[in-house]
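Here's the letter readout for the chains.
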Amino acid sequence: MIEELIRQNRSCRRFHQDQPVSRETLLGLVNLARLSASAANLQPLKYVLSFEPQLNAHIFSCLAWAGYLKDWPGPAEGERPAAYIVILGDREITTNVGCDHGIAAQSILLGAREQGLGGCMVGSIKKDRLREMFDLSESYDILLVIALGRPKEEVVLTDVGLDGSIKYWRDEAGVHYVPKRTLEEIIIK
Ligand SMILES: Cc1cc2nc3c(=O)[nH]c(=O)nc-3n(C[C@H](O)[C@H](O)[C@H](O)COP(=O)(O)O)c2cc1C
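Residues numbered from 1 in each chain as written. Predicted model: local features only at pLDDT ≥ 70, side-chain atom pairs only at ≥ 80, totals over all residues. Heavy atoms only, no water.

**Details of the overall build of the chain**
Here's step 1: If you tally the helices and strands in the chain, you get six helices and seven strands.
Here's step 2: When the helices and strands of the chain are read in sequence order from the N terminus, they spell out α-α-β-α-β-α-β-α-β-β-β-β-α.
Here's step 3: Over its C-alpha atoms the chain spans a radius of gyration of 17 Å, differing by no more than 12% from the 16 Å that the globule rule assigns to 189 residues.
Here's step 4: In terms of its C-alpha atoms, the chain occupies a principal-axis envelope of roughly 50 × 45 × 30 Å.
Here's step 5: When the accessible area of the chain is evaluated, it comes to approximately 10,900 Å², of which 52% is carbon and sulfur surface.
Here's step 6: Counting 22 positive and 25 negative side-chain charges, the chain places the averaged centre of each group 2 Å from the other. (Helix = DSSP H or I, 4+ residues; strand = E, 2+ residues; numbered from the N terminus. Rg over C-alpha atoms; globule rule 2.2 N^0.38 Å. Areas by Shrake-Rupley, 256 points an atom, 1.4 Å probe, with all protein chains shown as cover. Lys, Arg positive; Asp, Glu negative; His and termini not counted. Charge placed at Lys NZ, Arg CZ, Asp CG, Glu CD.)

**With respect to the confidence of the model for the chain**
Here's step 1: A residue-level look at the chain finds 100% of positions with pLDDT of 70 or above and a mean pLDDT of 98.
Here's step 2: Within the chain, no element has a lower average pLDDT than helix α6 (residues 183–186), which sits at 96, and none a higher one than helix α2 (residues 23–34), at 99. (pLDDT = per-residue confidence, 0-100.)

**A look at the site of the ligand**
Here's step 1: Taken together, 14 residues lie around the ligand, and Arg10, Ser11, Arg13, Ala66 and Lys180 are the ones closest in.
Here's step 2: Between the ligand and the protein, one listed contact pairs an oxygen atom with a side-chain N or O atom of Ser11 at 2.6 Å.
Here's step 3: Ser124 is positioned with one of its backbone polar atoms (N or O) 2.9 Å from an oxygen atom of the ligand.
Here's step 4: Within the complex, the protein chains bury 70% of what would otherwise be the 610 Å² of accessible surface of the ligand. (Near = heavy atom within 4 Å. Polar contact = N/O pair within 3.5 Å; in protein donor to acceptor, adjacent residues only side chain to side chain.)

**Quick word on the sheet that holds strand β5 (residues 155–159)**
Here's step 1: If you trace the three strands from one edge of the open sheet to the other, you get β5-β7-β6, paired in mixed fashion. In this open sheet, the two strands that pair with only one neighbour each are β5 and β6 (169–170).
Here's step 2: Bridge count between β5 and strand β7 (residues 176–180): five bridges; the pairing is parallel. Among the inter-strand pairings, Thr158 is bridged to a residue of β7, identified as Pro179. (Pairing = 2+ DSSP bridges.)

**Considerations on the sheet that holds strand β3 (residues 118–122)**
Here's step 1: Taken together, four strands build an open sheet; the order of strands is β1-β2-β4-β3 and the sheet is antiparallel. Where the open sheet ends on each side, the last strands, each with one partner, are β1 (45–50) and β3. Within the sheet, the average angular offset between the axes of one strand and its neighbour, ignoring direction, is 20 degrees.
Here's step 2: Running at roughly 15 degrees to strand β4 (residues 140–149), helix α4 (residues 100–114) makes contact with β1, β2 (83–90), β3 and β4 of the sheet.
Here's step 3: In the packing of helix α5 (residues 127–134) onto the sheet, the strands contacted are β1, β2 and β4, and the crossing angle to β4 comes to about 85 degrees. (Axes fitted to C-alpha atoms, helices over the stretch in contact; angles between N-to-C directions. Contact = heavy atoms within 4.5 Å.)

Spelled out as structure tokens, the structure:
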């Protein structure tokens, strides 16, 4: 079951923008992050929730999408995320969050997937712009944005092929393919 959930938990970048994600849903997802592992149990992560069109549009303007898809500027109006969770590091707790935000993000995305939602971690962020929009003090590091919504795209996992390329790609029908390295390649001893 966990393998199936992880297989289905693909980065999704096109959504039914008109299908809202409620504040309660976001709270439930952040609760999964709250219950997850944290180095030295410091729990330095803090969160900003966005689920309203105007704030969503502001956040969207700070993000970059799918760098390998050179001809695709990111989701068009109508296919943009319906909600976001911004993950912050509270520098007053620690300046070294380790990999806590990755763990939190995965918990959030697995929880979202289980509910039929989809999402994408976005690390390419215009952080200064986002900081200004939310009037965030310098005591918070902006670590990751998680985009969320009802998926409007098909994503297919493949093995990395003979050419060795790890670049995701799309076919003419818009299906998104994600090559993963094989187990044989990644277990080195
Ligand atoms: C830390 C991190 C940062 C990422 N940043 C971005 C990003 O800025 N924009 C984007 O479109 N995808 C981003 N992604 C999604 C990756 O591109 C995606 O995980 C990868 O293509 C593999 O696809 P999969 O998630 O379906 O396995 C990020 C993923 C991770 C883990």
